[in-house]
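Now for the letters of each chain:
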Amino acid sequence: SADGGSNLRLDSIPMGLPMSDPTAWANAMNNLGMAPMGMTGQPLLPDFDPALGMMTGIPPINPMMPGLGIVPPPIPPDMPAVKEIIHCKSCTLFPPNPHLPPPATRERPPGCKTVFVGGLPENGTEQIIMEVFEQCGEVIAIRKSKKNFCHIRFAEEFMVDKALYLSGYRIRLGSSTDKKDTGRLHVDFAQARDDLYEWECKQRMLAREERHRRRLVEERFRPPSPPPVVHYSDHECSVIAEKLKDDTKFLEAIQTLLTWIERGEVNRRTANNFYSMIQSANSHIRRLVNEKAAHEKEMEEAKEKFKIALSGILVQFEQIVAVYHSASKQKAWDHFTKAQRKNISVWCKQAEEIRNIHNDELMGIRREEEMEMSDEEIEDPSEMKETEESALVSQVEALKEENDSLRWQLDAYRNEVELLKQEQGKASRDEDTTKEQQLKLLQQALQGMQKHLLKVQEEYKKREAELEKVREDKLKVEALLENLKEQENSASRVCACSQEKECPVEKTLSNSPVKSEREVLLVGIISTFLHVHPFGASIEYICSYLQRLDSKICTAEVEVLMTRLQNTFRQELSGVGASLEKRWKFCGFDGLKMT
């Protein structure tokens, strides 16, 4: 353990670069000349200047790049998805409860190859620790403490992730159940100076490789330098003089001559040689002028050929348009189907548009020629007389072509007018068909109205029958009331004292708002219903309940009855605006005290 401790050099106290302190981490990265990046890849210092660091020229390196050890690599395919029991020679590892959350870990330090292992058995030795953790990879050093924890350094960063997989496992030495032979492993990242130093060296190496790669790319895309110009000598002067006389090598020789003159090679001794070379260069001016004239002549011939070909194309377009217009006339048009007519009209419009474009192009070429001719006349008044006749001939030809084009346009307009007339006739036919459709719709609407009227009449007859029944019931109730009155009168004659007491009752009965036994039943049923609904109910809800008992009960009758009995039923308003609602409540207990 002493050897391992000398190789590991761990600090139990913070060594100045904890990942939880972003400012210290940023300062350390700034000292290295690298843009400090957070664990999420975002810069911690937006105003970072690489020129202020110790290592100027190192570009910003993102620690989230693969291979820098910040992002843990994916789980190896040979690692099981579900933790299982691990059997070793001298101990056994039991997996934690899968339903428990994963053990918490600190933030991963950059280039971490060292792990902290806590929860070791008291009787655990370095040999047992090596036996358990050598399955994760090559172990470089182990530093064991007396307080049941140790630090293990691996050869590569991905081995740390395999060691973290063992966090939460319960370890048992042999088959013993003694507390000193058992423990629960807790594996976490640890900070080590060696890991940080190796990580910084790796970043420096990557920075060097990046600079080298950028330099190669810049050199690849750098434009090639011009060929070197030979120094002046009599031999080279004679060679350049011969090249200046050759048309194919003139450009290379003139560049060399220009470079010599700019370098100051002209003096009294070489002045004659340079003058002869300049004279040779001047002789090429006539050649270049002749080449330009030949190219201009070729361009004029090409323009003339283009103009002739364009005029021929325009004539063919006019013939095609004339065919379309003749096909659109009544004699031939009636024999085509609707699809064929539609295609012909579309083709006609397309051909007319293309013809107009070509015609405008031809007219533009002629206007340019006329303008060039007018400029030449202004510049050279001496040649105006010679070109006057040719100009008149060209103007006559232009006028003829314009006359032909105008005649063709007039024919096209006539054909368009005929097409418009035909379209108007079709539109009138379409209007007739639309009128017929409207008449059919109106007839259907009238039939629907008639059916609706018949339904209304049937409902009216049903309501009249209901009214007659109500009237009959009313007559029966009145007859019953008369019988009751006669019985009361006879009872009053028998007993005078009872008559005095019953007189106010008779008055109240005669003046009471309840006029029939049916209304009394309704009052009782409504009172029972509202007593069950202490917060009230709407008139529609009450009537729906009553209509289940008797379908002849109407809403108006119930509402009139309840309004007459103000001491028994009370109407309240609830809600605001559109949600305003009327509710009836039973207030018979309060009304009894008032009466």
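Residues numbered from 1 in each chain as written. Predicted model: local features only at pLDDT ≥ 70, side-chain atom pairs only at ≥ 80, totals over all residues. Heavy atoms only, no water.

1. What about the overall build of the protein chain?
- In terms of regular secondary structure, the protein chain is built from 16 helices and 10 strands.
- Of all 595 residues assigned to the protein chain, the portion counted as buried reaches 28%.
- When contacts within the protein chain are restricted to residue pairs at least 6 apart in sequence, those whose partners lie at least 24 apart make up 64%.
- When the accessible surface of the protein chain is totalled, it reaches about 42,000 Å², and 56% of it is carbon and sulfur. (Helix = DSSP H or I, 4+ residues; strand = E, 2+ residues; numbered from the N terminus. Buried < 20%, exposed > 50% of the residue type's maximum accessible area, 1.4 Å probe, protein only. Contact = heavy atoms within 4.5 Å. Areas by Shrake-Rupley, 256 points an atom, 1.4 Å probe, with all protein chains shown as cover.)

2. Points about the packing of aromatic side chains
- For the structure on display, the rule yields eight aromatic pairs.
- Centroid distance Tyr-165 to Tyr-169: 6.5 Å. Interplanar angle 50°. Geometry classified as tilted.
- When its relative accessible area of 17% is taken as the criterion, Tyr-165 is described as buried.
- Consider the rings of Phe-586 and Phe-589, whose centres lie 5.6 Å apart with planes at 90°: the pair is edge-to-face.
- Of note, Lys-83 hangs over the ring of Tyr-165, and the distance from its end group to the ring centre comes to 5.1 Å. (Phe/Tyr/Trp six-rings, centres within 6.5 Å; stacked < 30°, edge-to-face > 60°. Lys NZ or Arg CZ within 6 Å of the ring centre and 35° of its normal.)

3. Some points on the UniProt feature "coiled-coil region" (unreviewed entry) in the protein chain
- Those places that UniProt annotates as "coiled-coil region" (unreviewed entry) correspond, in this numbering, to residues 278-305 and 396-490.
- Secondary structure across residues 278-305 divides into 100% helix and 0% strand, with the first and last C-alpha atoms of the span separated by 41 Å. (UniProt positions renumbered as here; feature names shortened; annotations may be inferred.)

4. Considering the layout of surface pockets
- Of the pockets and cavities examined, the largest pocket occupies roughly 930 Å³.
- If you go around the largest pocket, you meet 27 residues; those closest to its centre are Val-470, Arg-471, Lys-474, Arg-518 and Glu-557.
- Put simply, the parts of the chain that give the lining of the largest pocket at least two residues each are α11 (384-494), α13 (517-532) and α15 (555-564).
- Of the residues forming the lining of the largest pocket, the biggest block, 11 residues, is contributed by α11. (1 Å grid on protein atoms, 1.4 Å probe; cavity = no way out; pocket = protein on both sides within 12 Å on 5 of 7 lines; lining within 4 Å. Points joined across faces, edges and corners; volume = space filled by probe spheres on them.)

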